[in-house]
Structures are given as C-alpha cells and as structure tokens.
Amino acid sequence: FDGSSAPEPVEPPSLKVGDEICTTGFIMDTFCINRGTLLDAPSIVTLQNPDLHSYHCLLDVPVCVESGYQVLGEKDPSTGEYCLGYRLEETDTVVASGRAAGSVEDGCTTCTGNGMGTKGYRTTVKGVIKDLGDGSQSVSGQPLLTNIQMLDASVECATPAPKTVCLEPPPAEITTTPAAINPPIEGEDCSSDFCETTLTEGYTLKYKINEADATVTMEATYKGEAWLGIAFSEDERMGGSNGILGSPGGIPQKYRLNQGFIEILSPEEQTLTEATMETTEDGDQTMTVMRFTKLLVEPNHIDVTAGVNNMLWANGGDSTTIGYHGTNRAPIQINLASGASDTVSAPNMGAWLAHGICAFVAWGMLAPSAVNSAIYRSLFKGPLWFKIHQFANASAYALTVIAFAIAVAFISKEGNPHWFSSHAKMGLSMFIIASVQVLWGAARPHLPGPDSGDEKTTIRKVWEIKHRLTGTILLACGFWQMSAGIKLFAGKYNGVGSVQEQGVTIAYWIWIGAEVALLLIGGVYFKLLRKPVENDGGNDAKPPTQEKEDDAV
C-alpha cells in the first residue's frame, strides 16, 4: 500500500520454525507494551512513540527488564502505531547490547557505554525462529527468535524479514490511559501536592501520585520509635497483601504478607526508590519517618490506583524489630487521588462479642463461684456446696468450649493464623488444661468412709494438691486472658483508648477485684484461722456426715 489509505487485510507471513530472520526496529519491553503507555511517560502511547522510550525505563527498571523484550515491526500509517514484531528469547543479550549503547550521563544508571542513546533504542536483530507463538493477537502470539545477534541499526539486512502483520491491540492491554491512572475525583488533588490521612492517633500518612512516571510517593510519620508498615490488600486482610515495612536504622523494603508470617521479596523485586527511614526529635518527642516511592503497577503485585485502595497500616508500638504488631494495626480505605479515607470496620463484631461474653461468664463468674463454694462450704448445709461446685465448673467448661469454638471458626473465616498471638496461645493452653482438669476431677480418687478410721491415701493427697493448684493457675490465667481480650477487641474495632474501652476495663477490674477479695478472705479465714478451732474440737468442727462431701476437693 502507499500509505494514502488504510491497508487491505494482509495474510500472516509464511513463517516456520528454523527460519532465519533479520529485522531492524525499536526494542520494547513487554511490560510497557501490555500496559499501553510508557511507564516513565504515562501520557505517551507505547506503540505510537517507541522512539520516546527512555533507556532508563527500558534497561534500569526491574519490572521492564524481567518482562522480556520484542523488536517492533513497521509503523502502520492507518493507525499511527508500530506493529508487534518478534519476541526475543535472550534477555541478557538485549540488555547487554542496550546498556552498551546508552550512557550513565544520559540517565541510564546501569548503562556501561559512552553511546549517544537516551531514548528510542533501535537496532538490527538477527535470529532463528524457535516458536511461532500461541496465535493470539498479543505479544505472546508473535514468533520467538533465539540465538539472537544485536547489531547497529545502520546494518542492513541482506534478506529483510517478512513484513509483520499489524494486529489489533487488545483493549484491556493497550489503552491511551494507564490502568492505574483514573479520572480526576472531586476533593483534594493528590497529584499536585501531598495529601494527608491520620491512620490512628500519633500515626499519619502523606502521599502523592506522580503521573509523570506512574508512581506514588508516601511518607509515614509515627510519634515514637518503632518499625512501620503500609500495605496494599485486595480484601482488607493481611494474607496475600503487598507490604512495605521499615525499621529505624534500615530502609523500607517490600514484603509479601502471609497468614502469620511475612516474606521479604527478592532483590530483583525491590523496586522502591527514594526509600529512607529516619528518626527525628520534635521537642522531647522522638518521631519515626518512613519514606518511599513505589510503582503503581508491577507484575505479581496488587495494582495501586489513583482512586480508592484497600490498605493496611501497622507499627511496632515501642519495638524497632519488625515482628508481630499486636493491636497496632487496622485496615483502611484511602483514595489516593482525592485524599478521602474511610476506616474499614473489621467484620464479625457480633461473633467476637459473643466469644468475650462466654469467656467472661465462664472465668469471671462461674469459675470463681465454683472455687468460692468449696472455700465457703461450711456455710452450706449438706452437699449443696458440692452441687454448686459441680454445676459452676461444668457450666464454665461448657462456655469455654463454646468460646474456643467461636475463636477457631472465625479466625479461620477471617483468614488469620491460629495460635499466633499470646492471647490465642493462652486460650489454647487454658482449653487443654481445663479439659484435663475436668477429666481428672471425674476420675478423682475417693476419700475413705467417714467411719472407717482410715487416712487419705497418698494418691488422694497428690490429687488434692494438683486439683487446687491447677484451679488457681487457671483462674489467674483467666483473669489475664479476659483483660487481654478487652484490649484486642478494642484494637480490632477501633476503640483503643476510647471512653468505652476505659469504662469496660475499669468495670472489669472492679469485678475481678471483688472476686479476688472473696477468694482471699475465705481462704485466710476458713483455711488458716478457723481450722485450728476445728482441730481443737470447737463448735465449728465439721460433722462426720459432711466429711464425705469433701470428696470433691
């Protein structure tokens, strides 16, 4: 055709595996072809102006290098876009040739030569067809060249390659606007200046969209000295998220966040720029500041959009070693274009409230009542104390099973790791010990008959010590566990430091204080003060008929 009108449909050139090919054209990375615009110049359509593609973007940026390369075909005058040409198998050969043609002084940080190339790497490529492609109208549908030679563009091919067919680019892959750049949204303009969001008290995040190179710059500031973390998530959960974490004395780095553990990415995937961690003094207050610039779109990463993003924040509290964050974390939605943000409420509030109520009734009411019924048994007539003791213990254990089941079920539902936090580990330990305590109580060795004159057996004495000691330990652990649960619930549902959390905490400790006072007063009086009177045959001595009921304790 002569270029004056749109070309007639052309049949694909007759090519076969083993054919030798020589072609001259622009080298383009697959990543920039697929995204539709140049990564370092989002306003430029990739296949319209490959001559404006910088050597820096082509050869320095890991995401571009790792995507592989293609030598483009001729330009289609009917569309103004270059046709997809041939895929190149040996990436190392392409990179070495390109870096030798570029120059550090011209912005290509990995270039090794003193060439004049700054934009639009054009070269002559010779190679042998290894594969004809998958037949799709995309990069993967183009022939693959192997055993390639990279020559100067001035080298003419003795037998030029057949003209490539200009394929219709897939709408989802080639577009005039990068996928990560959305239309402007009403509100602040976070592309011209930094926007700021308060993540939690004493922890803020500033951010700015850089449209020129399709990146986002972020600055997290924390009141204190601690490790800091910002992550992008698909479903507001930690598992599967892409995180940027840093601690004082180091630099922010990219991590893959999994259920219960984190995994630092390989050096090739560490594409952050301007990444720094520093601590400063603001009067008497130490501040930790984490800064970094991140690509909006990267292979095998969650896309960051100039719109609403599901994000997570975390910090180490007062720890500078990256590790478990405890309650110092939460999901949040941030619009990186307008600066609007919305705290995301954690799910399943009703279930976790039921878990806490079951635990409190079991270990804050029933378990202390069971112990007190044994301590104050002389105030009851006949076996009533024992019946209260059995009922309270059995009910407490039943509610413990329910609370434990709720925790296991909803931790799994939320995709979180089991037995990771100290609260979860304590809960598992208490469940196991309580189960053993119940079984051990049911299989207790009995006391000798009241009229037998026999003394307690050694195994009975050992059982009593174990039963009382284990019960005391379980009760103390329960008090701590419920206090930790209040903090976790407040942290999960954004109530840390709130009036509600403080009120619940005060009421809880008043109640527990009263329970402990009853236990101590009864224990001191009935076990230490009243016992000598009984041994002297005083009026408070237990009648023989009650002795058999002591079989439980």
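Whatever comes next refers back to the structure up there.
Below you will find a few notes about this structure. Since the model is a prediction, treat every value here as computed from it, not as a measurement.

## Things to note about the overall build of the protein chain
Within the protein chain, the regular secondary structure consists of 10 helices and 21 strands. Across the 553 residues that make up the protein chain, the buried fraction comes to 45%. A total of about 27,700 Å² of accessible surface is found on the protein chain, and carbon and sulfur atoms cover 58% of it.

## Brief notes about the pattern of salt bridges
Summed over the entire model, instances satisfying the criterion amount to 12 salt bridges. Across the pair Arg 87 and Asp 131 runs a salt bridge whose closest N-O atoms are separated by 3.3 Å. Of the two residues, Arg 87 sits in strand β7 (residues 86-88) while Asp 131 sits in strand β8 (residues 122-131), which places them 44 residues apart along the sequence. For Arg 87, a relative accessible area of 18% translates into the label buried. Its relative accessible area of 34% is what places Asp 131 among the partly exposed residues. Salt-bridge contacts for Arg 468 lead to Glu 464; the nearest nitrogen and oxygen are separated by 3.9 Å. Note that Arg 468 and Glu 464 are positioned in helix α8 (residues 458-492) at a spacing of 4 residues, about one turn of the helix. A residue is classified by how much of its surface remains accessible, and Arg 468, at 39% relative accessible area, is partly exposed. Overall, the relative accessible area of 6% leaves Glu 464 in the buried class.

## Some points on the sheet that holds strand β18 (residues 285-295)
Pairing is antiparallel in the open sheet, where 5 strands are placed in the order β10-β11-β12-β18-β17. Edge strands, defined here as strands with exactly one partner in the open sheet, are β10 (195-200) and β17 (273-282). Averaged over all pairs of adjacent strands, the angle between their axes in this sheet comes to 15 degrees, without regard to strand direction.

## A look at the packing of helix α6 (residues 384-413) against helix α7 (residues 422-442)
Packed helices, taken two at a time, are described by their axes: the angle between them and the distance between them. One way to put it is that α6 packs onto α7 with a least axis distance of 11 Å and a crossing angle of 150 degrees. Classified by the angle their axes make, α6 and α7 are roughly antiparallel. Of the two possible hands of crossing, α6 and α7 adopt the one that is left-handed. Each of Tyr 397, Thr 400, Val 401 and Phe 404 in α6 lies in contact with α7, whose residues at this interface are Gly 427, Leu 428, Phe 431, Ala 434, Ser 435 and Val 438. Residues belonging to the contact of α6 with α7 are distributed by class as follows: 7 nonpolar, 3 polar and no charged.

## Topic: the state of the cysteines
All told, the structure shown has 3 disulfides when counted by the stated rule. A sulfur-sulfur distance of 1.9 Å marks the disulfide that ties Cys 22 to Cys 157. Here the disulfide of Cys 22 and Cys 157 is left-handed, its torsion about the S-S bond being about -75 degrees. Here Cys 22, found in strand β1 (residues 20-29), pairs with Cys 157, found in the loop between β9 (144-152) and β10; they are 135 residues apart in sequence, far enough to count as distant. Here Cys 190 engages in a disulfide with Cys 195; their sulfurs sit 1.9 Å apart. Since a negative S-S torsion denotes a left-handed disulfide, the Cys 190-Cys 195 link at about -100 degrees is left-handed.

## A word on the nonpolar core
Within the largest apolar cluster, 51 residues are counted, with the highest numbers of intra-cluster contacts made by Leu 39, Leu 205, Tyr 207, Met 218, Ile 230 and Leu 336. Leu 15, Ile 27, Leu 88 and Cys 108 belong to the second largest nonpolar core, which has 22 residues in total.

Conventions we followed
Residues numbered from 1 in each chain as written. Predicted model: local features only at pLDDT ≥ 70, side-chain atom pairs only at ≥ 80, totals over all residues. Heavy atoms only, no water. Helix = DSSP H or I, 4+ residues; strand = E, 2+ residues; numbered from the N terminus. Buried < 20%, exposed > 50% of the residue type's maximum accessible area, 1.4 Å probe, protein only. Areas by Shrake-Rupley, 256 points an atom, 1.4 Å probe, with all protein chains shown as cover. Salt bridge = Lys/Arg side-chain N within 4 Å of Asp/Glu carboxyl O. Pairing = 2+ DSSP bridges. Axes fitted to C-alpha atoms, helices over the stretch in contact; angles between N-to-C directions. Parallel < 35°, antiparallel > 145°, perpendicular 65-115°, else oblique. Left-handed = near helix turned anticlockwise from the far one by under 90°. Contact = heavy atoms within 4.5 Å. Nonpolar A, V, L, I, M, F, W, Y, C, P; charged D, E, K, R; others polar. Disulfide = S-S within 2.5 Å. Core = buried A, V, L, I, M, F, W, Y, C linked by side-chain atoms within 4.5 Å.

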